[in-house]
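Single-letter residue listing:
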Amino acid sequence: MISVFQALSIIDQNTEALAPVLLPLSKLNGCVLAEDVQAPISLPPFRQSAMDGYAFKHGKDELRLIGESKAGDFAEFKIGSADCVRIFTGARVPDQADTVVMQEHVEKTSSGIRLIKTPEKGTNVRPVGEQIKQGEIVLKKGTKINAAIVGFLAGLGISEVLVIPIPKIALIVTGNELQEPGTPLKPGSVYESNRVMIETALKAENVELILSNHVLDDKESTFEAIRVALDADMVLISGGISVGDYDFVKESLERNGVEEKFYKINQKPGKPLWYGKKGKTQVFALPGNPASSLTCFLIYATAAIRKMNGTEKIDIQLKKGKMKGHFVNKFQKALFLQAREQSGVLEVYPKQASSMLVSFTQSNAFLFVPEDVKEIQEEDEVHYIPFKL
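Keep in mind the model is a prediction, meaning the values are calculated, not measured.

Conventions adopted
Residues numbered from 1 in each chain as written. Predicted model: local features only at pLDDT ≥ 70, side-chain atom pairs only at ≥ 80, totals over all residues. Heavy atoms only, no water. Helix = DSSP H or I, 4+ residues; strand = E, 2+ residues; numbered from the N terminus. Rg over C-alpha atoms; globule rule 2.2 N^0.38 Å. Buried < 20%, exposed > 50% of the residue type's maximum accessible area, 1.4 Å probe, protein only. Contact = heavy atoms within 4.5 Å. Lys, Arg positive; Asp, Glu negative; His and termini not counted. Charge placed at Lys NZ, Arg CZ, Asp CG, Glu CD. Domains from an automatic or database assignment. Pairing = 2+ DSSP bridges. Arc of directions from axis to C-beta. Axes fitted to C-alpha atoms, helices over the stretch in contact; angles between N-to-C directions. Polar contact = N/O pair within 3.5 Å; in protein donor to acceptor, adjacent residues only side chain to side chain. Phe/Tyr/Trp six-rings, centres within 6.5 Å; stacked < 30°, edge-to-face > 60°. Lys NZ or Arg CZ within 6 Å of the ring centre and 35° of its normal. Parallel < 35°, antiparallel > 145°, perpendicular 65-115°, else oblique. Left-handed = near helix turned anticlockwise from the far one by under 90°. Nonpolar A, V, L, I, M, F, W, Y, C, P; charged D, E, K, R; others polar. Core = buried A, V, L, I, M, F, W, Y, C linked by side-chain atoms within 4.5 Å.

Q: Hey, could you run me through the overall build of the chain in this one?
A: When helices and strands are tallied, the chain shows six helices and 29 strands. Taking 389 residues into account, the globule formula puts the C-alpha radius of gyration at 21 Å, and the chain, at 31 Å, lies well above it. Each of the three principal axes of the chain carries a C-alpha extent, and together these read 95 × 50 × 45 Å. Taken across its 389 residues, the chain has 47% of its residues classed as buried. Counted over contacts in the chain with a minimum sequence separation of 6, partners at least 24 positions apart contribute 69%. Considering the chain, the positive charge centre built from 46 side chains and the negative charge centre built from 48 side chains are found 3 Å apart.

Q: So what exactly am I meant to see when it comes to the domain arrangement of the chain here?
A: Where interface size is quoted, it is often the accessible area lost as the parts come together. According to the domain assignment, the chain contains domain 1 (4-18 + 167-309), domain 2 (21-40 + 137-164), domain 3 (48-126) and domain 4 (319-386). A straight line from the C-alpha centre of domain 2 to that of domain 4 covers 41 Å.

Q: When you look at unusual backbone geometry in this model, what are you seeing that I'm missing?
A: Glycine aside, residues mostly have negative phi, and peptide bonds are mostly found in the trans state. Here the residue pair Leu43 and Pro44 is connected by a cis peptide bond, since its omega of -5 degrees sits within 30 degrees of zero. With respect to the helices, strands and loops of the structure, Pro44 is situated in the loop between β3 (37-38) and β4 (48-49). With phi around 65 degrees, Asn124 is a residue other than glycine that occupies positive phi space. Relative to the assigned elements, Asn124 resides in the loop between β10 (112-115) and β11 (125-126). Positioned with a positive phi, Lys264 is a non-glycine residue whose angle comes to about 85 degrees. Considering the arrangement of structural elements, one finds Lys264 in the loop between β19 (259-263) and β20 (267-268).

Q: What is the right way to read the sheet that holds strand β1 (residues 21-24) from this model?
A: Within a sheet, each strand pairs with its neighbour through backbone hydrogen bonds, oriented either parallel or antiparallel. Judged by pairing direction, the sheet is antiparallel, and its three strands sit side by side in the order β1-β13-β2 without closing on themselves. Looking at the sheet topology across the chains shown, the edges are occupied by β1 and β2 (32-33). As paired elements, β2 and strand β13 (residues 160-164) share two bridges and run antiparallel to each other. Bridge pairing in β13 places Leu33 opposite Val163.

Q: How should I be thinking about helix α3 (residues 194-202) in this particular structure?
A: Those residues of α3 lying buried are Asn194, Arg195, Met197, Ile198, Ala201 and Leu202. Buried positions in α3, seen along its axis, are confined to an arc of 165 degrees and lie on one side of it. Residues of α3 that are buried sit in contact with β14 (168-174), β17 (208-215), β18 (234-238), β22 (281-286) and α6 (290-308).

Q: What exactly am I supposed to notice about the sheet that holds strand β8 (residues 99-102) here?
A: Spatially, six strands are ordered β8-β5-β7-β6-β10-β9 in an open sheet, and the strand pairing comes out mixed. Sheet topology places β8 and β9 (106-108) at the edges, where each strand pairs with a single neighbour. Taken over all neighbouring pairs, the strand axes of this sheet differ in orientation by 40 degrees on average, direction set aside.

Q: Help me understand helix α4 (residues 219-229) in this model?
A: The α-helix advances 3.6 residues per turn, and as a result positions three or four apart in sequence lie on the same side. Listing the buried residues of α4 in full gives Thr222, Phe223, Ala225, Ile226 and Ala229. Within α4, the buried residues cover an arc of 165 degrees as seen down the axis, which keeps them to one side. Capping the start of α4, Asp218 holds a side-chain oxygen 3.3 Å from the backbone nitrogen of Glu220, two or three residues further along.

Q: Explain the packing of aromatic side chains here, please?
A: Aromatic ring pairs are defined here through the distance separating the ring centres and the angle between the ring planes. This structure, assessed with the given rule, holds eight aromatic pairs. Here the aromatic rings of Phe5 and Phe368 are separated by 5.8 Å at their centres, their planes lie at 90 degrees, and the arrangement is edge-to-face. Of this pair, Phe5 sits in helix α1 (residues 4-13) while Phe368 is found in strand β27 (residues 365-369), placing the two residues 363 residues apart along the sequence. Judged by relative accessible area, Phe5 falls into the partly exposed class, the value being 44%. For Phe368, a relative accessible area of 5% gives the class buried. Between the aromatic rings of Phe360 and Phe366, the centroid separation amounts to 5.7 Å while the plane-to-plane angle is 90 degrees, which identifies the pairing as edge-to-face. Each of the two residues, Phe360 as well as Phe366, counts as buried. Counting every residue linked through ring pairs, the aromatic cluster contains Phe5, Phe336, Phe360, Phe366, Phe368 and Phe387. The lysine or arginine in question, Arg255, covers the ring of Phe223, its NZ or CZ lying 4.1 Å from the ring centre.

Q: Please clarify how the packing of α1 against α6 should be interpreted in this entry.
A: Angle between the axes and distance between the axes: these two values describe a pair of packed helices. Here α1 crosses α6 at 25 degrees, and the two axes come no closer than 10 Å. Comparing the axis directions of α1 and α6 gives the class roughly parallel. Note on packing geometry: the crossing formed by α1 with α6 is right-handed. Of the residues in α6, those touching α1 at Val4, Ala7, Leu8, Ile11 and Asp12 are Ile299, Tyr300, Ala304 and Lys307. Its residues placed into classes, the contact of α1 with α6 shows seven nonpolar, no polar and two charged.

Q: Teacher, can you tell me more about the nonpolar core here?
A: Of all hydrophobic cores here, the largest spans 48 residues; its most connected members are Val4, Leu236, Phe262, Phe284, Phe297, Tyr300 and Phe336. Put simply, the parts of the chain that give this core at least two residues each are α1, β14, α3, β18, β22, α6, β25 (334-342) and β27. At 12 residues, α6 tops the list of elements feeding residues into this core. Apart from the residues lying within four places of it in its own chain, the contact partners of Phe297 are Ile198, Ala201, Leu202, Leu236, Leu286 and Thr302. Within the second largest apolar cluster, 20 residues are counted, among which are Leu25, Leu139, Leu153 and Val161.

As structure tokens, then:
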């Protein structure tokens, strides 16, 4: 049995960011840039009006109207010192004009306009490259792409970029006793919660869930479900990893050629965690008990996902806080205790069994108790890991 930190180290050594791919703008959201992006053009690419108004050469207040420039036009005008052009926001400012007056600051005359309020020279004219200059690095490698970045790239005329793709995840939940919620519970059955729980938790990560199956405790069904799932970047299996007569996951993983990297961690909950790889496919066989399954997912699987999509290194990210209450570690194991953290003070909930999710529903952090810590007193310094569900 290995320690928590040995397990994280093994996962780190066996996890790499996914190979970069060139993707169109429509498929970029949530991906991470695999290289710097340079601006192919300046923004704006021409001198642009910042207002609806009139473009003119600064100097005179009585101006003759000689034309119009709206967004999308490329007409050129010979603008004299007493001439002006009607112009609209975003339109190209004629080369000979140097100022735009707001339409609210003029009055119309029979031949043009009279300035009621004269702007300073250069007012309301956006220069070429005011936002971005051609050739400038505008986005750094490692940037996570969102809607604003997609719009920014489109505005630069870029249609595709090289990114770390979103990991494809396959989820398998095992168990004959599992019954879908919404129907009367049969004798000997329990409502299936792990699949919908993990599916929901995955929505907080940058992943694509490509498969989600419930498999009965049958040797061939388990083998076949895992075989199909191994096309994913990561396979998550909940249940069937212990050593009971009807636990076929470990055997099926071996038959499918998945190499075991470790099995069992000296922790509670979540001791029977199995981790392995086949090629570049990561496999986590999570315990079947709900609290154990969710704990292992949040501590280990999400760490691998974030490294695969290029956003974070694998790190337990412990924070310091203070204990409220008293706790005795009777197990000689590292503990991930569901707790409520408020202003750095940690209060542990009483119901911590691996089968119970009730404490998770009130918690926002794990209080981490190292395996060599036997007791925690009121106001002792402790370490915790915040989480959001």
